[in-house]
Amino acid sequence: YDMQRWWTKEGWQWKHQRRRTQPRFWQDSNYSTDNQPVIGVTWYEATAFCSWLSEQLQQSLPAGCTVRLPTEAEWEVAAAWDGVQRRPSPWGKVEPTPELAIYNALQLDAPAPVGCCPAGVAACGALDLVGNTWEWTCSAYGAYPKQAYNGREDFTPGEYGLALRGGSYYQNSTSVRCGARSRSNPLNYVDYFGFRMIVASALAR
């Protein structure tokens, strides 16, 4: 939180204005148990963490690659594509159950530990791609699916148009499907927003 080089221009300004030094629920035992997804983070904090981690791993990352948030299309391919066709849910065509995804059927008041639903694994091997927490992407929400392939390096605080994917623990089963989308502004931090990182080529400037 103290090094400007890891933050976007807009994110650094936001951090100073809010005097932010850690995620919102970092000290709350309801949201910071072992293996729980980190929540209560803005898009700015998520991208800053990706930048920090890229620097830590720079000697081991593939050439030309970085750690970053996925575009909306990258997220959806990981969640839905089985190598042959698109699936409605990461596990296939079966209707959601609490064994497959974390949603309101479990009546939780916080995200569950990562990996509670191995039966809901995606074809690519990723766990919890739907349910538990909405995940920030680096794509603008509008003009789907055309813009879903594009990522941006920064957003202004007033833009209410960042795409999130995946659904969350407090919503019903309609949110735990590969096509479910939400949007917010980059400075929103609530107890059901989290993020997932990928290793991929850097965004085009």
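Residues numbered from 1 in each chain as written. Predicted model: local features only at pLDDT ≥ 70, side-chain atom pairs only at ≥ 80, totals over all residues. Heavy atoms only, no water.

Participant: Could you give an account of the sheet that holds strand E2 (residues 134-140), naming the residues involved and the relevant values?
Facilitator: With mixed pairing, 4 strands are arranged side by side in an open sheet as E4-E3-E2-E5. For this open sheet the edge positions go to strand E4 (181-184) and strand E5 (193-195), each flanked by a neighbour on one side alone. Going from strand to strand, the sheet's axes swing by 50° on average, the running direction of each strand aside. Across the face of the sheet, helix H2 (residues 43-56) comes into contact with E2, strand E3 (162-165) and E5 while running at roughly 85° to E2. (Pairing = 2+ DSSP bridges. Helix = DSSP H or I, 4+ residues; strand = E, 2+ residues; numbered from the N terminus. Axes fitted to C-alpha atoms, helices over the stretch in contact; angles between N-to-C directions. Contact = heavy atoms within 4.5 Å.)

Participant: So what about the side chain of Arg20? Which residues, and what values?
Facilitator: Secondary-structure assignment places Arg20 in the loop between helix H1 (9-18) and H2. Within the local environment of Arg20, its side chain forms a polar contact with the backbone oxygen of Gln22, the two atoms lying 3.2 Å apart. Those residues within four positions of Arg20 in sequence are excluded, and the remaining contacts are Tyr1, Trp14, Lys15, Gly40, Val41, Thr42, Glu45 and Tyr189. (Polar contact = N/O pair within 3.5 Å; in protein donor to acceptor, adjacent residues only side chain to side chain.)

Participant: Could you give an account of the nonpolar core, naming the residues involved and the relevant values?
Facilitator: In terms of nonpolar packing, the biggest core is built from 24 residues, with Trp7, Trp43, Leu69, Trp136 and Phe193 touching the most fellow members. Taken together, the elements giving at least two residues each to this core come down to H1, H2, E2 and E3. Top contributing element to this core by residue count: H2, with 6 residues. Core analysis: the next-biggest nonpolar cluster, separate from the first, contains 13 residues, Ala80, Leu100, Tyr103 and Ala126 among them. (Core = buried A, V, L, I, M, F, W, Y, C linked by side-chain atoms within 4.5 Å. Buried < 20%, exposed > 50% of the residue type's maximum accessible area, 1.4 Å probe, protein only.)

Participant: Mind laying out the pattern of salt bridges, listing which residues take part and the relevant values?
Facilitator: The full count for this structure, using the stated rule, is 9 salt bridges. For the salt bridge of Glu55 with Arg5, the shortest nitrogen-to-oxygen distance reads 2.7 Å. Taken together, the residues Glu55 in helix H2 and Arg5 in the segment before H1 connect sequence positions 50 residues apart. Take Arg5: its relative accessible area is 51%, and that puts it in the exposed class. One salt bridge in this structure joins Glu72 and Arg165, with 3.0 Å as the shortest N-O distance. Residue Glu72 is located in helix H3 (residues 72-80), and its partner Arg165 is located in strand E3; the two are separated by 93 residues in the primary sequence. (Salt bridge = Lys/Arg side-chain N within 4 Å of Asp/Glu carboxyl O.)

Participant: Please set out unusual backbone geometry residue by residue, giving values where relevant.
Facilitator: A cis amide bond links Tyr144 to the next residue, Pro145, at an omega of 5°. Mapped onto the elements, Pro145 comes out in the loop between E2 and E3.

Everything listed is a geometric property; what it means functionally is a separate question.
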